[in-house]
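What the coordinates show
As a plain string of letters, each chain reads:
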Amino acid sequence: MLDFEYYNPTRIIFGKDRLSELISVVPSDSTKVVLVYGQGSATRSGLVDRVKSILGNRIVGEFSGIEANPHFSTLVKGMKLINDCEADFLLAIGGGSVMDGTKFMALGSQYEYDDLLELLLSYRVGDEIHSALPLGVICTLPATGSEMNSGGVISHEDGKFYFNSPLVFPQFSFLDPSLTFTLPREQVANGIIDAFVHIIEGYVTKNVEARFQDRACEGLLRTLIEIGRKTMDNPEDYDTRANLVWCSTMALNGMLAVGTPEDWRGHMLGHMLTACYGIDHGKSLAVVMPALWSVARDEKRDRILQFGERVFDVTDGDEDMRIDRIIEKMRLFFESLGVKTRFRDYDMAQDEVEVILTGLEKYGQGHPEWNREVLEAAI
Ligand code: NZQ
Ligand code: ZN
């Protein structure tokens with residue numbers, strides 16, 4: 001096992017109808033709270049009104065309208081509002097886009113806006129910004145793990161840019177599975193795939209004898225397979241959804257990957273697919289991952305085989321036949337959730353691959369020949 005340090009200060013408040021506890025977890029000296037939410041789901045469900053009735057006049061402002069794959073220019077507007085209100089606490093209500101956007105504003109509003117874009121584009125937000133507003137989360141979409149990690153992804157023009165800072169761990173996150181009942185089916189599927197891929201990008205790398213981490217990953221992956229389709233077909237089955245919510249949080253709160261090598265090339269390619277063609281994050285991963293494994297089959301051979309045996313019970317046949325079957329089973333799992341797994345399913349082909357490759361090259365991401373091989377295998 002590799003050396004590691006693990007730190008995670010986020011308090012998780014898990015369960016139904018616990019929002020009244022906001023009163024005690026928003027710090028008592030935070031009297032200027034700004035609510036941050038997306039494009040309508042949290043208003044339509046009545047969640048924003050419930051929060052307002054709990055926090056009352058401690059709320060001094062609201063910033064809504066954050067779009068999926070939150071855009072830098074939107075967040076600059078939010079930062080102006082936050083500063084005009086002299087906010088001392090941000091409360092994010094939504095999915096990964098709202099949570100990531102809130103984290104970015106928590107950092108950016110403490111900094112010179114004019115220089116922020118340069119920091120974002122050069123991945124230096126976490127290194128250069130040394131203070132942030134405190135924030136909390138009410139998570140409405142199980143997928144990204146943003147509710148219990150210190151990362152975020154922000155879009156700008158033709159790219160998506162990652163940042164990470166321990167200053168933006170949420171102080172608390174409310175995970176109420178019943179708040180996810182209103183999710184459209186396709187967002188539930190996106191979330192299942194995103195969580196699944198967060199686990200495999202840490203697990204299918206190299207064996208470092210991290211046995212507990214391996215078993216924890218395998219348990220989570222098997223759980224996602226067991227409940228994935230079930231929670232889509234029975235969206236208001238509380239216990240099934242509760243399992244999805246907790247699996248998604250665990251998949252990317254840093255705990256599983258401690259002491260192990262990680263390989264985020266699937267996300268790198270997926271983000272460019274989203275940046276160029278607006279394909280949802282989860283859907284982009286479903287296209288990229290089967291192709292990535294078929295190209296990286298030698299490099300990842302032992303780990304794909306272990307994954308296949310322990311997660312999909314694939315034990316018969318020679319190694320290459322088994323790897324083919326394992327990749328096929330992963331593809332079928334994604335497709336069983338109603339998500340497409342090839343470019344051609346989106347009417348995309350070689351021309352679109354060239355556009356994505358140009359984007360990757362522009363931002364110096366990955367190795368051009370390897371990127372090409374994977375993307376062409378995904379057609
Ligand atoms: O904007 P509203 O109206 O709220 O609608 C959203 C949005 O249209 C809707 N939604 C959310 N909760 C709902 C709901 N609709 C009905 N009922 C609810 N309870 O769902 C749509 C998608 O929301 P979004 O937040 O964009 O989805 P997701 O949670 O999948 O987040 C995706 C973003 O997270 C980033 C992605 O790159 C992408 O920008 N990621 C963040 C990570 C992190 N912070 O660690 C890691 C991930 O790998 C990922 O990159
Ligand atoms: Zn992801």
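Please read these numbers as outputs of a predicted model, since none were measured by experiment.

The coordination sphere of the zinc ion (ligand 2), as far as protein atoms go, consists of Asp194 (OD), His198 (NE2), His267 (NE2) and His281 (NE2), spread over 1.9 to 2.1 Å. The sequence pattern describing where the donors of the zinc ion (ligand 2) fall on their chain is D-x3-H-x68-H-x13-H. Here His198, found in helix H8 (residues 185-203), pairs with His281, found in helix H12 (residues 281-295); they are 83 residues apart in sequence, far enough to count as distant. Judged on exposure class, the residue His198 and its partner His281 are both buried.

All right, on to unusual backbone geometry then. Backbone geometry at Glu157 places phi at a positive 45°, although glycine is not the residue there. Here Glu157 lies in the loop between strand E6 (151-156) and strand E7 (159-164). The residue Asp347 is not glycine, and still its phi comes out positive at about 60°. Locating Asp347 in the fold gives a position in the loop between helix H14 (319-336) and helix H15 (350-362).

Turning our eyes to something else, we now look at the packing of aromatic side chains. Counted according to the given criterion, the structure contains 15 aromatic pairs. Aromatic pair Phe333 and Phe334: ring centres 6.1 Å apart, planes at 45°, arrangement tilted. Here the guanidinium or amino end of Lys340 rests over the ring plane of Tyr346, the centre of that ring lying 5.1 Å away.

Turning our eyes to something else, we now look at the side chain of Ser30. Examined against the element boundaries, Ser30 turns out to sit in the loop between helix H1 (22-25) and strand E2 (33-37). Among all residues touching Ser30, those that are not within four sequence positions of it are Arg58, Asp88 and Phe89.

With that out of the way, let us pick up the sheet that holds strand E8 (residues 172-175). Taken in spatial order, the six strands of this open sheet run E1-E8-E5-E4-E2-E3, and their pairing is parallel. Every interior strand has two partners, whereas the edge strands, strand E1 (11-14) and strand E3 (59-63), have only one. Neighbouring strand axes in the sheet, compared pairwise and without regard to direction, differ in orientation by 15° on average. As defined by bridge partners, strand E5 (residues 135-139) adjoins E8 across three bridges and the pair is classed as parallel. Among the inter-strand pairings, Val137 is bridged to a residue of E8, identified as Ser173. Relative to strand E4 (residues 89-94), helix H5 (residues 96-108) is tilted by about 165°, and along the sheet it contacts E2, E3, E4 and E5.

Here E6 runs beside E7; their pairing, made up of six bridges, is antiparallel. Its bridge partner being in E7, Val153 is matched across the sheet by Tyr162. Taking the residues that link successive antiparallel strands as the turn, the E6-E7 hairpin has two residues, and the phi of Glu157 there is positive, at about 45°.

Time to look at the site of ligand 1. Taken together, 33 residues sit near ligand 1, with Gln39, Ser41, Gly96, Ser97 and Lys160 positioned nearest. Gly151 has a polar backbone atom sitting 3.2 Å from a nitrogen atom of ligand 1. Side-chain polar atom of His281 to an oxygen atom of ligand 1: 3.0 Å apart, as the coordinates give it. The protein chains hide 89% of the 970 Å² of surface that ligand 1 would expose on its own. Residue assignment for the shell around ligand 1 shows that the elements contributing at least two residues are H5, E6, H8 and helix H11 (265-277). Tallied by class, the residues present in the shell around ligand 1 amount to 10 nonpolar, 20 polar and three charged. Here the shell around ligand 1 gathers at least three residues from each of two domains, domain 1 (11-179) and domain 2 (185-377).

Quick look at the environment of Thr180 now. Note on placement: Thr180 falls in the loop between E8 and H8. Residue Thr180 is classed as buried on the basis of its relative accessible area of 2%. Thr180 sits 40 residues away from Thr140 along the chain, and the two C-alpha atoms are 5.3 Å apart. Those residues in contact with Thr180, other than ones at most four positions away along the chain, are Thr140, Pro142, Arg241 and Val245. Here Pro177 takes part through its backbone oxygen, which lies 2.7 Å from a polar atom of the side chain of Thr180.

All right, on to H14 then. Look at H14: 25 Å from first C-alpha to last across 18 residues, which is about the 26 Å you get at 1.5 Å a residue. Taken together, the buried positions of H14 are Arg322, Ile323, Ile326, Ile327, Met330, Arg331, Phe333 and Phe334. Residues of H14 that are buried in the fold lie against H8, helix H9 (211-233), H12 and helix H13 (301-311). Looking at where H14 begins, the residue whose side-chain oxygen comes 3.1 Å from the main-chain nitrogen of Asp320 is Asp318. Looking one or two residues past H14, Gly338 carries a phi angle of roughly 85°, positive in sign.

Overall, the coordinates contain zero disulfides when judged by the stated rule. With no disulfide partner, Cys139 has as its closest neighbouring cysteine sulfur the one in Cys247, 14 Å distant. Cys139 gets classed as buried once you look at its relative accessible area, which sits at 5%. For the unlinked cysteine Cys217, the closest cysteine sulfur is that of Cys247, found at 11 Å.

Domain parsing of the chain yields domain 1 (11-179) and domain 2 (185-377). The straight-line distance from the C-alpha centre of domain 1 to that of domain 2 is 27 Å. Counting residues at the interface gives 22 residues for domain 1, matched by 22 residues for domain 2. Of the roughly 2,000 Å² buried between domain 1 and domain 2, counting both surfaces, carbon and sulfur atoms make up 63%. Considering only the surface of domain 1 that becomes buried against domain 2, Pro142, Asp158 and Lys160 emerge as the three largest contributors, covering 28% of it. There are one salt bridge connecting domain 1 and domain 2. Across the salt bridge formed by Lys362 and Asp158, the nearest N and O atoms sit 2.8 Å from each other. Applying the counting criterion to the domain 1 and domain 2 interface returns six residue pairs in polar contact (both at pLDDT 80 or more).

Thresholds, definitions, all that
- Just so you know, the residues in each chain are numbered from 1, in the order the chain's sequence is written.
- Following the order in which they are written, the chains are lettered starting with A and the ligands numbered starting with 1.
- A pLDDT threshold of at least 70 governs which residues receive local features in this predicted model, and a stricter bar of 80 or more applies before side-chain atom pairs are shown or counted, although totals over entire chains, interfaces and linings include all residues.
- To obtain the side-chain values, all non-hydrogen atoms of the structure were used and water was disregarded.
- Donor atoms (N, O, S) are those found within 2.8 Å of the metal centre, with the cutoff raised to 3.2 Å for Na, K and Ca; water is not part of the atom list, so apparent gaps in a site can occur.
- Counting from the N terminus, the helices are the DSSP runs of H or I reaching at least four residues and the strands are the DSSP runs of E reaching at least two.
- A 1.4 Å probe rolled over the protein chains alone gives each residue an accessible area, and that area as a share of the maximum for its type sets the label: buried under 20%, exposed over 50%, partly exposed in between.
- Aromatic contacts are taken between Phe, Tyr and Trp rings whose centres are within 6.5 Å, Trp giving its six-membered ring; a plane angle under 30 degrees counts as stacked, one over 60 as edge-to-face, and the others as tilted.
- Put simply, a charge is over a ring when the Lys NZ or the Arg CZ is close to the ring centre, within 6 Å, and near the line of the ring normal, within 35 degrees.
- The contact criterion used throughout is that any non-hydrogen atoms of two residues lie within 4.5 Å.
- Strands were regarded as paired on the criterion that DSSP finds at least two bridges between them.
- Here the axes come from fitting lines to C-alpha atoms, over the contacting stretch only for helices, and the angles between their N-to-C directions go from 0 to 180 degrees.
- One heavy atom within 4 Å of a molecule or strand makes the whole residue count as near it.
- We call two N or O atoms a polar contact when they sit within 3.5 Å, provided that within protein one can donate a hydrogen and the other can accept it, with sequence-adjacent residues counted only if both atoms are side-chain atoms.
- Each accessible area value is a Shrake-Rupley result obtained with a 1.4 Å probe; residue values ignore everything except the protein chains displayed when judging cover.
- Gly counts as polar in this scheme, as do all residues outside two lists: the nonpolar Ala, Val, Leu, Ile, Met, Phe, Trp, Tyr, Cys and Pro, and the charged Asp, Glu, Lys and Arg.
- Domain delimitation in this document rests on an assignment produced automatically or drawn from a domain database.
- Multiply 1.5 Å by the residue count of a helix minus one, and that product is the helix's expected span.
- A pair of cysteine sulfur atoms is labelled a disulfide when the two atoms are within 2.5 Å.
- Here the quantity called buried area is the accessible surface, traced with a 1.4 Å probe, that two parts lose on coming together, added over both.
- Put simply, a salt bridge is a Lys or Arg side-chain nitrogen that is within 4 Å of an Asp or Glu carboxyl oxygen.

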